[in-house]
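Listed here are the chains, written in short residue letters.
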Amino acid sequence: AELSDEVACDIVRFQATELATMVASVARKLDFRSTFPLAMTGSVLLNQQAYRNEIRRSLDLMGHSVARCVLVEHAVEGALRIAQQLASNAPEQLD
């Protein structure tokens, strides 16, 4: 959103706060403390630094801080790597 467009900036802030609320909720469910790592993906998050900053600002206001933020270009690749790690650590199953 252009800084001169107040309505657009309000929408961006609102949506960033909504996304930050979801991130905080998942972080609590994963028993993360107030500081945790974060991965972001998707064209808007990858290409809009201001939006990423607004999400981090919202998290800060909620008492959370991002220790490390990684931008993930190909989310599917990341998901498959995690699945591969989980599979290699899982006990063998008998047929």
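Below is a summary of the structure that appears in this document.

Thresholds applied
- Residues numbered from 1 in each chain as written.
- Predicted model: local features only at pLDDT ≥ 70, side-chain atom pairs only at ≥ 80, totals over all residues.
- Heavy atoms only, no water.
- Salt bridge = Lys/Arg side-chain N within 4 Å of Asp/Glu carboxyl O.
- Helix = DSSP H or I, 4+ residues; strand = E, 2+ residues; numbered from the N terminus.
- Buried < 20%, exposed > 50% of the residue type's maximum accessible area, 1.4 Å probe, protein only.
- Pairing = 2+ DSSP bridges.
- Core = buried A, V, L, I, M, F, W, Y, C linked by side-chain atoms within 4.5 Å.
- Contact = heavy atoms within 4.5 Å.
- Expected span 1.5 Å × (residues − 1).
- Arc of directions from axis to C-beta.
- Patch = residues over 30% accessible without salt bridge, like charges linked within 9 Å, V, L, I, M, F, W, Y side chains within 5 Å.
- Areas by Shrake-Rupley, 256 points an atom, 1.4 Å probe, with all protein chains shown as cover.

Here we come to the pattern of salt bridges. Tallied over the full model, the rule gives three salt bridges. Across the salt bridge formed by Glu 77 and Arg 81, the nearest N and O atoms sit 2.7 Å from each other. Pair noted here: Glu 77 and Arg 81 are both in helix α4 (residues 75-89), with a separation of four residues, about one helical turn. Accessibility expressed as a relative area gives 53% for Arg 81, which makes it exposed.

Across a regular strand the side chains alternate sides, sitting on one face of the sheet and then on the other. With burial as the criterion, only one face of strand β1 (residues 35-41) is covered, namely that bearing Phe 36, Leu 38 and Met 40; the residues Thr 35, Pro 37, Ala 39 and Thr 41 on the opposite face remain uncovered. Pairing geometry for β1 and strand β2 (residues 65-72), over seven bridges, is parallel. When the sheet's bridge partners are listed, Pro 37 is paired in β2 with Arg 68.

What follows covers the nonpolar core. Membership of the largest hydrophobic core comes to 13 residues, with the highest contact counts inside it found for Leu 38, Ile 55 and Leu 59. Looking at this core, the elements with two or more residues in it are α1 (6-29), β1 and α3 (49-61). Ranked by residue count, the leading element in this core is α1, at five residues. Filtering out sequence-adjacent residues up to four positions away, Leu 38 remains in contact with Val 23, Leu 59, Val 66, Arg 68, Cys 69 and Val 70.

Further remarks concern α1. Between the first and last C-alpha of α1 there are 35 Å, a value that for 24 residues agrees with the 34 Å anticipated at 1.5 Å per step. Regarding α1, the residues found buried are Ala 8, Cys 9, Ala 16, Ala 20, Val 23, Ala 24 and Ala 27. Lining the buried residues of α1 we find β1 and α3.

Attention now moves to α3. Across its 13 residues, α3 extends 18 Å between first and last C-alpha, which sits within 8% of the 18 Å expected from 1.5 Å per residue. Listed in full, the buried residues belonging to α3 are Tyr 51, Arg 52, Glu 54, Ile 55, Ser 58 and Leu 59. Mapping the buried residues of α3 onto a view down its axis gives an arc of 160 degrees, with all of them on the same face. Within α3, the exposed residues directed more than 90 degrees away from the buried face are Ala 50 and Leu 61. Residues of α3 that are buried in the fold lie against α1, β1, α2 (43-47) and β2.

What follows covers a nonpolar patch on the surface. A cluster of nonpolar side chains, namely Val 26, Leu 30 and Phe 32, defines an oily patch on the protein surface of about 270 Å² accessible area. Here Leu 30 shows up in the loop between α1 and β1.

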